Amino acid sequence: MSEAHAVEAAEIAQRLETVFSRIHATRMADVELLNPRLAVAAVGPREVGGLWLAVLVTPWFINAMLLPKTADDAKSWAESPSGAKISHALPAGTFEFIAGGEAGLGPYRMCSLFSPVTQFEDQKAALIAAEAALAALLDSGHHPDAEASRRKPQLSRRGLIFGRSSENGDRSSEGSTKGDAA
């Protein structure tokens with residue numbers, strides 16, 4: 001990651017943490033389902049397909065967060081009504097995100113991973129879960145198409161020529177020479 005890219009990722013994380021810390025102190029201050037052992041923290045962000053992907057830990061949720069990377073994307077995302085469901089392809093598959101926006105952050109899309117988060121004993125456990133979730137979302141080995149391709153029989157070079165998979169055997173002389181000798 002270049003230094004400029006790292007600075008931009010750190011700025012995204014800081015904006016997420018600032019905005020959601022403010023929400024925690026204001027709109028969420030009296031909500032009973034908050035986990036008092038957790039604080040707001042952004043894990044990541046990583047650039048994925050021209051967007052920023054982070055996992056955000058708060059005392060009320062852990063969400064995957066997508067943020068636009070360009071001003072054009074931000075403008076187009078701002079046109080989506082808050083609460084709209086929008087599918088996004090990530091390396092691990094296609095996931096449904098909900099459109100939102102906040103002053104100081106702009107438009108974003110979120111996908112709930114844990115809500116509420118009362119099962120987490122402390123911030124360290126929540127951060128471990130967030131890091132594991134981010135790694136899983138970025139792992140193309142989890143993609144449904146990857147699983148299907150692992151189940152398909154593989155062809156050997158001989159099998160490719162004679163149309164037999166390695167599971168079925170690829171004895172190319174079988175069938176063509178037995179009857180021909182008689």
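Now for a description of the structure that goes with this document. This is a predicted model, so every value here is computed, not measured.

Criteria and cut-off values
- Residues numbered from 1 in each chain as written.
- Predicted model: local features only at pLDDT ≥ 70, side-chain atom pairs only at ≥ 80, totals over all residues.
- Heavy atoms only, no water.
- Phe/Tyr/Trp six-rings, centres within 6.5 Å; stacked < 30°, edge-to-face > 60°.
- Buried < 20%, exposed > 50% of the residue type's maximum accessible area, 1.4 Å probe, protein only.
- Pairing = 2+ DSSP bridges.
- Helix = DSSP H or I, 4+ residues; strand = E, 2+ residues; numbered from the N terminus.
- Axes fitted to C-alpha atoms, helices over the stretch in contact; angles between N-to-C directions.
- Contact = heavy atoms within 4.5 Å.
- Salt bridge = Lys/Arg side-chain N within 4 Å of Asp/Glu carboxyl O.

A few points about the packing of aromatic side chains
Part 1 of the argument: Applying the stated criterion to the full structure yields four aromatic pairs.
Part 2 of the argument: With centroids separated by 5.5 Å and ring planes inclined at 80°, the aromatic side chains of Trp60 and Phe61 adopt a geometry described as edge-to-face. Like Phe61, Trp60 is buried.
Part 3 of the argument: With centroids separated by 5.1 Å and ring planes inclined at 85°, the aromatic side chains of Phe114 and Phe120 adopt a geometry described as edge-to-face.
Part 4 of the argument: Judged by its relative accessible area of 8%, Phe120 falls in the buried class.
Part 5 of the argument: Joined through ring pairs, the aromatic side chains of Phe20, Trp60, Phe61 and Tyr108 make up one cluster.

Some details on the pairing of strand S5 (residues 93–102)
Part 1 of the argument: Sheet analysis places strand S4 (residues 85–90) next to S5, joined by six bridges and oriented antiparallel. Paired with Ala89 across the two strands is Thr94, which belongs to S5.
Part 2 of the argument: Inspection of the sheet shows S5 paired to strand S6 (residues 106–114) by five bridges, in the antiparallel sense. For Ile98, the partnering residue across the bridge sits in S6 and is Met110.
Part 3 of the argument: Linking S5 back to S6 in an antiparallel pair, the connection comprises three residues, with Gly104 at a positive phi of about 90°.

Considering the sheet that holds strand S1 (residues 41–48)
Part 1 of the argument: Read from one edge to the other, the open sheet built from six strands follows the order S1-S2-S3-S6-S5-S4, with strand pairing classed as antiparallel. A single partner strand is all that each edge strand has here, and the edge strands are S1 and S4. Within the sheet, the average angular offset between the axes of one strand and its neighbour, ignoring direction, is 35°.
Part 2 of the argument: Looking at chain direction, strand S2 (residues 51–57) and strand S3 (residues 62–68) are connected through seven bridges and run antiparallel. Within S3, the position partnered with Leu56 by the bridge is Asn63.

Things to note about the environment of His88
Part 1 of the argument: With respect to the element layout, His88 can be found in strand S4.
Part 2 of the argument: Under the relative-accessibility criterion, His88 is labelled buried at 12%.
Part 3 of the argument: Considered as a pair, His88 and Gly49 are 39 residues apart in the sequence and their alpha carbons are 9.9 Å apart.
Part 4 of the argument: In this view, His88 contacts Leu51, Leu66, Trp77, Gly93, Thr94, Phe95, Phe97 and Arg109; residues no more than four positions away in its chain are not counted.

As for the side chain of Gln123
Part 1 of the argument: Locating Gln123 in the fold gives a position in helix H3 (residues 123–137).
Part 2 of the argument: With sequence-adjacent residues up to four places away left out, Gln123 is seen in contact with Arg37, Leu38, Ala39, Ala41 and Val57.

Overview of the pairing of S6
Part 1 of the argument: Relative to S6, S3 runs antiparallel, the two sharing five bridges. Within the sheet, the bridge partner assigned to Leu66 lies in S6 and is Arg109.

Comments concerning the side chain of His5
Part 1 of the argument: Inspection of the secondary structure assignment puts His5 in helix H1 (residues 3–25).
Part 2 of the argument: The residues contacting His5, other than those within four sequence positions of it, are Glu47, Trp52 and Lys69.

Remarks on the pattern of salt bridges
Part 1 of the argument: Under the defined criterion, the tally for this structure stands at three salt bridges.
Part 2 of the argument: Its salt-bridge partner being Glu8, residue Lys69 comes within 3.1 Å of it at the nearest N-O pair. Taken together, the residues span a long stretch of sequence, with Lys69 in the loop between S3 and helix H2 (71–78) and Glu8 in helix H1 at a distance of 61 residues.
Part 3 of the argument: Classification of Lys69 by relative accessible area gives partly exposed; the value is 25%.
Part 4 of the argument: Given the relative accessible area of 27%, Glu8 is considered partly exposed.
Part 5 of the argument: Of the charged contacts in the structure, one is a salt bridge between Glu47 and Lys69, with a shortest N-O distance of 4.0 Å. Taken as a pair, Glu47 in strand S1 and Lys69 in the loop between S3 and H2 lie far apart in primary sequence, 22 residues in all.
Part 6 of the argument: Residue Glu47 is classed as partly exposed on the basis of its relative accessible area of 37%.
Part 7 of the argument: One salt-bridge network, held together by shared partners, links Glu8, Glu47 and Lys69.

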